[in-house]
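Residue strings, one per chain:
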Amino acid sequence: MSDYIKLDSEKISEGVKTITELGGHGILKCVQCGACSAVCPGVKAGFPVLCRLLIKKVLDGQLEEMIEESSSWGCQACNRCTEVCPQGVRPQEVVFAFRRYQANELAFSTSAITSQMNLHSYGHAVFSDARELRKKVGLAPEAPTSAYNEKAQKEIQTLLENSPMGELGLY
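Residues numbered from 1 in each chain as written. Predicted model: local features only at pLDDT ≥ 70, side-chain atom pairs only at ≥ 80, totals over all residues. Heavy atoms only, no water.

So, on to helix α1 (residues 9–21). For α1, with 13 residues, the first-to-last C-alpha span of 18 Å sits near the 18 Å given by 1.5 Å per residue. Listed as buried for α1 are G15, V16, T18 and I19. Projected down its long axis, α1 shows its buried positions confined to an angular sector of 160 degrees, all on one face. Across α1 from its buried face, at more than 90 degrees, point the exposed residues S9, E10 and E21. For α1, the elements touching its buried residues are α4 (52–59) and α6 (91–104). The backbone nitrogen of E10 lies 2.9 Å from a side-chain oxygen of the residue at the head of α1, namely D8. Following α1 by one or two positions, G23 has its phi on the positive side, about 115 degrees. (Helix = DSSP H or I, 4+ residues; strand = E, 2+ residues; numbered from the N terminus. Expected span 1.5 Å × (residues − 1). Buried < 20%, exposed > 50% of the residue type's maximum accessible area, 1.4 Å probe, protein only. Arc of directions from axis to C-beta. Contact = heavy atoms within 4.5 Å. Polar contact = N/O pair within 3.5 Å; in protein donor to acceptor, adjacent residues only side chain to side chain.)

Our focus in this paragraph is unusual backbone geometry. One non-glycine residue with positive phi stands out, namely A77, at about 55 degrees. Among the structural elements, A77 can be located in the loop between α4 and α5 (80–84). For N79, which is not a glycine, the phi torsion comes out positive at approximately 70 degrees. Mapped onto the secondary structure, N79 falls in the loop between α4 and α5.

All right, on to the pattern of salt bridges then. Under the definition given, this model contains 7 salt bridges. When the shortest N-O distance is used, the salt bridge between K56 and D60 registers 2.7 Å. In this structure, the salt-bridge partner of R131 is D129, at a minimum N-O distance of 2.6 Å. It is possible to trace a salt-bridge network through shared partners that takes in D129, R131 and E142. (Salt bridge = Lys/Arg side-chain N within 4 Å of Asp/Glu carboxyl O.)

Looking at where Q153 falls in the secondary structure, it is placed in helix α9 (residues 150–161). When sequence neighbours within four positions are dropped, the list of residues in contact with Q153 reads S121, Y122, S146, A147 and Y148.

So, on to the packing of aromatic side chains. Tallied over the full model, the rule gives 3 aromatic pairs. Between the aromatic rings of F98 and Y101, the centroid separation amounts to 6.0 Å while the plane-to-plane angle is 40 degrees, which identifies the pairing as tilted. Of this pair, F98 and Y101 both sit in helix α6, 3 residues apart, which is roughly one turn of that helix. An aromatic cluster is present here, built from Y122, F127 and Y148 joined pairwise through their rings. Over the ring of F96 we find R99; its NZ or CZ atom is 4.6 Å from the centre of that ring. (Phe/Tyr/Trp six-rings, centres within 6.5 Å; stacked < 30°, edge-to-face > 60°. Lys NZ or Arg CZ within 6 Å of the ring centre and 35° of its normal.)

All of the buried residues in α4 are L54, I55 and V58. Summarising the axial view, the buried residues of α4 lie within an arc of 95 degrees, below the 170-degree limit, and thus occupy one face. Packed against the buried residues of α4 are α1 and α6. Count one or two residues on from α4 and you reach G61, which has phi positive near 85 degrees.

With the rule as written, the count across this model stands at 0 disulfides. Cysteine C78 shares no disulfide, and the gap to the nearest cysteine sulfur, in C81, comes to 6.3 Å. With relative accessibility at 34%, the residue C78 sits in the partly exposed group. The class for C81 is buried, based on a relative accessible area of 7%. (Disulfide = S-S within 2.5 Å.)

If you want it as structure tokens, here you go:
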């Protein structure tokens, strides 16, 4: 078996078109420098197909082959990738476009279910209650996030329930 990828211009065009239409407008600006992946907490946590590698695979025409890739659900939306990108790619938008692609196809890894449930419940894919720790270090017990904002949680829940993800019956 060969380690080489056979590039297919139609698959590349279709993948770029799909991601662009779903909000990843900067994908063609990527020069694969890796600045995004170097600062990505998701990559550091073991989700390798985020930022640079996800973009590379789309640009290699592997969009369909990655449909069940769970790494995209490891993105914490911290936007560090966008801050450091010298080309203006906005990698987080590409990752979220890929998530939309997965959701529209109702195809995502079962490992993403917990993060989806957390997103629905708290507005964060990964959530831990840090109120006691925050108090110990002199901070307000509740950080100003959707986790402690009932109105924001309701808006997130409404969006999720009315998205293709809502059709999966997870919520």
